[in-house]
Amino acid sequence: MTTPEITIATPADRATVVDTLVAAFVKDPILRCLFPDEETYPRYSAAFFGHLFDKRVHRKSIWTIGGGASVAIWEPPSDPSAAAHGSPEISPYPADVQARVQSYDDVVHDALPTYPFWYLGVLGTHPDNAGRGWGRAVMRAGLERAAADGLPAILETSNPGNVELYRRAGWEVMSFLPEPVPTWLMMQQPPR
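The structure displayed is predicted, hence computed values, not measured ones.

Draft legend 1. Just the environment of Thr16, in detail. Structurally, the position occupied by Thr16 is in helix α1 (residues 14-24). The partly exposed category is assigned to Thr16, whose relative accessible area is 35%. Each C-alpha atom of the pair Thr16 and Lys55 lies 16 Å from the other, and the pair is 39 residues apart in sequence. Ignoring anything within four residues of it in the chain, the contact list for Thr16 reads Gly67 and Gly68.

Spelled out as structure tokens, the structure:
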């Protein structure tokens, strides 16, 4: 079986990417902590993934495969001098949900290193395409970019089963966050 071409997402891919991620994360511990209600999960998780897509699509750091069936959303190292300080964003969530999202974001980002790195914010494959190795392929595209920059890559996962999958792909646990959901921060150093 031939692996389809890996492409960089464009704004036209938004709906497919968001649909893939909503389906891929339906049982993810952190997404279910943030959005526990079955009725609102599809809407709130779509807003969550849509926001991440919108923030990164123009940075050309979202890799997809199979027409968006597998997606890796990476955050390149930020340039503090280029940080935009626009108006605050309007939350698509009620106050209690926004508080959970913000709290988790604060906990994770407070634990991240202060040196430059590439951040794998989201890696997901639509359940209809699971087991094909596409997730590893789109992840590898971002790892190659990080290696070309000579920088480490970092991710977080709240799914205990993913820890060993990432280890087999060359990631190492760098820290563990017990709250609000057990979460592992993992790193992959660039090849020397």
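What follows continues from the structure just given.
Draft legend 2. Expanded view of the packing of aromatic side chains. In this structure the tally under the stated criterion is eleven aromatic pairs. An angle of 70° between the planes, with centres 5.9 Å apart, marks the rings of Phe35 and Phe48 as edge-to-face. Separated by 13 residues along the polypeptide, Phe35 in the loop between α2 (29-34) and α3 (41-56) and Phe48 in helix α3 bring together distant segments of the chain. Of the two residues, Phe35 and Phe48, both sit in the buried class. These aromatic residues form a ring-pair network of at least three members: Phe25, Phe35, Tyr44, Phe48, Phe49 and Tyr93. One cation-aromatic arrangement involves Arg32 over Tyr41; the distance from NZ or CZ to the ring centre is 4.4 Å.

Draft legend 3. Representation of the nonpolar core within the structure. Membership of the largest hydrophobic core comes to 34 residues, with the highest contact counts inside it found for Leu21, Leu31, Phe35, Phe48 and Phe49. Every element with two or more residues in this core is listed here: α1, α2, α3, β3 (70-75), α4 (95-111), β4 (118-125) and β7 (183-188). For this core, the leading source of residues is α3, giving six residues. Once you skip the residues sitting within four places of it in the chain, Phe48 turns out to touch Leu31, Leu34, Phe35, Tyr93 and Val101. In terms of nonpolar packing, the next biggest core, distinct from the first, is built from 24 residues, Ala69, Leu123, Ala137 and Tyr166 among them.

Draft legend 4. Structural detail: the confidence of the model for the protein chain. For the protein chain, the mean per-residue pLDDT works out to 90, and 92% of the residues sit at or above 70. Mean pLDDT across the elements of the protein chain ranges from a minimum in α4, with 91, to a maximum in α1, with 97. Below a pLDDT of 50 lies the segment residues 79-88, which in the model reaches zero contacts outside its immediate sequence neighbourhood of four places, other chains included.

Draft legend 5. Spotlight on the sheet that holds β7. Strand order in the open sheet formed by seven strands is β1-β2-β3-β4-β5-β7-β6, with mixed pairing between adjacent strands. Only two strands of the sheet have a single neighbouring strand rather than two, namely β1 (6-8) and β6 (172-177). For this sheet, the mean inter-axis angle between neighbouring strands, taken without regard to orientation, is 25°. Sheet topology places β3 next to β4; six bridges connect them, and they run antiparallel. Within the sheet, the bridge partner assigned to Ser70 lies in β4 and is Thr125. Sitting on the sheet, α1 is in contact with β2 (62-65), β3 and β4, with an inclination near 80° to β4.

How each quantity is defined
- Per chain, residues are indexed from 1 in the order of the written sequence.
- Totals for whole chains, interfaces and linings use every residue, but because this is a predicted model, local features are given only for residues with pLDDT of at least 70 and side-chain atom pairs only at 80 or more, for both listing and counting.
- Just so you know, side-chain values use all the structure's heavy atoms and leave hydrogens and water out.
- Going along the chain from the N terminus, every DSSP run of H or I of four or more residues is numbered as a helix, and every run of E of two or more is numbered as a strand.
- Burial classification: accessible surface area is computed with a 1.4 Å probe over protein chains only, and a residue below 20% of its type maximum counts as buried, one above 50% as exposed, and the rest as partly exposed.
- Note on definitions: a residue-residue contact is assigned when non-hydrogen atoms from the two residues lie within 4.5 Å.
- Any Phe, Tyr or Trp ring, taking Trp's six-membered ring, that has another such ring centre within 6.5 Å forms a pair; planes under 30 degrees apart are called stacked, those over 60 apart edge-to-face, and the others tilted.
- In this analysis the charged atom, NZ for Lys or CZ for Arg, is taken to sit over a ring once it is within 6 Å of the ring centre and within 35 degrees of the ring normal.
- Among the buried residues, those of types Ala, Val, Leu, Ile, Met, Phe, Trp, Tyr and Cys that are joined through side-chain atoms within 4.5 Å form a nonpolar core.
- Think of pLDDT as the predictor's per-residue confidence, scored from 0 to 100.
- A strand pair is defined by DSSP finding two or more bridges across the two strands.
- Axis definition: a line fit to C-alpha positions, over the contact stretch in the case of helices; interaxial angles, taken between N-to-C directions, run 0 to 180 degrees.

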